[in-house]
Amino acid sequence: MSSPQEVSAWRPQVPGVVEVFHAHFTEHAYPMHVHDVWTLLIVDDGAVRYDLGRRERGTPQDTVSLLPPQVPHNGSPATAHGFRKRVLYLDVPLLDKSLIGAAVDDPDITDPLLRLRIGQLHAALARRGDELEAESRLALVGERLRGHLRPRLAAARPEQGRGVAHSLRELLDERLLSGVTLDEAAQQVHAHPTHLVRAFSAAFGIAPHQYLMARRVERARRLLLDGHPPSEVATEVGFYDQAHLSRHFKRVVGIPPGRYAGKRSGRLAGTAPSAVRQDG
């Protein structure tokens, strides 16, 4: 039997915070995937190892990790007893896209004050009625993050040419719900199908089909937290059926969509969110 896992997730009524995600994983390993928002991560126990920007990274305790949107990454426990983490998914306007390159180059930040403020923000987000406090703390966190990233902009890598890989990514984003065949994509971007797959994988570190499924899972998370049932969400975000959604959702998030949706907020004011416990 697999070791137990605990997950809680909710969407607070605070502009700029798309999702709050707390988890304790002992064995789950995230595959390569992407988010369309910023991922602000702190680890309270254990450590996570992950790949970002073709480099292996780690999140030892007391650091803050900021993973930028549209950049593939994975994640797995770096210790035998797993890890316990708290994550904020932050809307892109909070941190400008011009900061993405700097975050890729150095996503792990050692800043005790920043970490303290992130912890205070999580506490405020768990209490209904404290939205103004949460907004205020989020503003301070955003300011400090920008202070870390802006000095690195001058040294950041220049953006690579758009090429067929970027054209394919734009096409996949446009056709997120309906999908696209490889032959059709090749015709659209004027490239041989095999070259297209290789170019995309080389540019972004993730295969085109993995990118598409990760984006659909991302959208499914938002709808589930808004209260939509998994059977409805599956077709709304482009999966064939609920089983198709469940397979990819569990692979990326670590729990099935039904359990994830079953613990969406619905808390009493002043109480922390309840957790989903999964044994196996």
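See the structure above.
What counts and how
- Residues numbered from 1 in each chain as written.
- Predicted model: local features only at pLDDT ≥ 70, side-chain atom pairs only at ≥ 80, totals over all residues.
- Heavy atoms only, no water.
- Helix = DSSP H or I, 4+ residues; strand = E, 2+ residues; numbered from the N terminus.
- Buried < 20%, exposed > 50% of the residue type's maximum accessible area, 1.4 Å probe, protein only.
- Contact = heavy atoms within 4.5 Å.
- Pairing = 2+ DSSP bridges.
- Axes fitted to C-alpha atoms, helices over the stretch in contact; angles between N-to-C directions.
- Expected span 1.5 Å × (residues − 1).
- Polar contact = N/O pair within 3.5 Å; in protein donor to acceptor, adjacent residues only side chain to side chain.
- Phe/Tyr/Trp six-rings, centres within 6.5 Å; stacked < 30°, edge-to-face > 60°.
- Lys NZ or Arg CZ within 6 Å of the ring centre and 35° of its normal.
- 1 Å grid on protein atoms, 1.4 Å probe; cavity = no way out; pocket = protein on both sides within 12 Å on 5 of 7 lines; lining within 4 Å.
- Points joined across faces, edges and corners; volume = space filled by probe spheres on them.
- Nonpolar A, V, L, I, M, F, W, Y, C, P; charged D, E, K, R; others polar.

K.L.:
Got a minute to help me understand the side chain of Arg222 in this structure?
P.N.:
Structurally, Arg222 can be placed in helix α7 (residues 208-225). Its relative accessible area of 12% is what places Arg222 among the buried residues. The residues contacting Arg222, other than those within four sequence positions of it, are Arg11, Val18, Glu19, Asp36, Val37 and Tyr89.

K.L.:
How should I be thinking about the sheet that holds strand β8 (residues 73-77) in this particular structure?
P.N.:
Remark on secondary structure: sheet strands pair via backbone hydrogen bonds, oriented parallel or antiparallel. The 4 strands are arranged β3-β8-β5-β6 in an open sheet whose pairing can be described as antiparallel. The open sheet has two edge strands, β3 (30-33) and β6 (55-58), and neither has a second partner. Each strand axis lies, on average, 20° off the axis of its neighbour in the sheet, ignoring direction. Bridge analysis of β3 against β8 gives 2 bridges, and the strand direction is antiparallel. Note on β8: the bridge partner recorded for His33 is His73.

K.L.:
Where do I start with helix α2 (residues 112-125) in this structure?
P.N.:
With 14 residues, α2 should cover 20 Å at 1.5 Å per step; its first-to-last C-alpha distance of 20 Å lies within 8% of that length. Residues of α2 that are buried: Leu114, Arg115, Ile118, Gly119, Leu121, His122, Ala124 and Leu125. If you check the start of α2, you find a side-chain oxygen 3.1 Å away from the backbone N of Leu113, and it comes from Asp111.

K.L.:
When you look at the packing of aromatic side chains in this model, what are you seeing that I'm missing?
P.N.:
Applying the stated criterion to the full structure yields 5 aromatic pairs. Centre to centre, the rings of Phe25 and Tyr30 are 5.8 Å apart; their planes meet at 80°, and the pair counts as edge-to-face. Given a relative accessible area of 11%, Tyr30 falls into the buried group. Each ring, one from Phe25 and one from Phe83, has its centre 6.0 Å from the other, and the planes form 75°; the classification is edge-to-face. Taken together, the positions of Phe25 in strand β2 (residues 17-25) and Phe83 in strand β9 (residues 83-90) put the pair 58 residues apart, joining distant regions of the chain. Residue Phe25 shares its accessibility class with Phe83, and that shared class is buried. By the ring-pair criterion, three or more aromatic residues cluster together here, those being Phe25, Tyr30 and Phe83. Positioned above the aromatic ring of Phe21, the side-chain terminus of Arg221 is 4.9 Å from the ring centre.

K.L.:
Would you explain empty space enclosed by the protein in this entry?
P.N.:
Rolled over the atoms, a probe with the dimensions of a water molecule shows which regions are left empty. Within this structure, the stated rule accounts for 1 cavity of 30 Å³ or more. Counted as a void, the largest cavity has a volume near 150 Å³. Among the elements of the structure, β3, β4 (38-46), β5 (48-52), β8 and β9 are those that each provide at least two residues to the lining of the largest cavity. With 4 residues, β9 is the single largest residue contributor to the lining of the largest cavity. Residues that form the lining of the largest cavity fall into these classes: 8 nonpolar, 6 polar and 1 charged.

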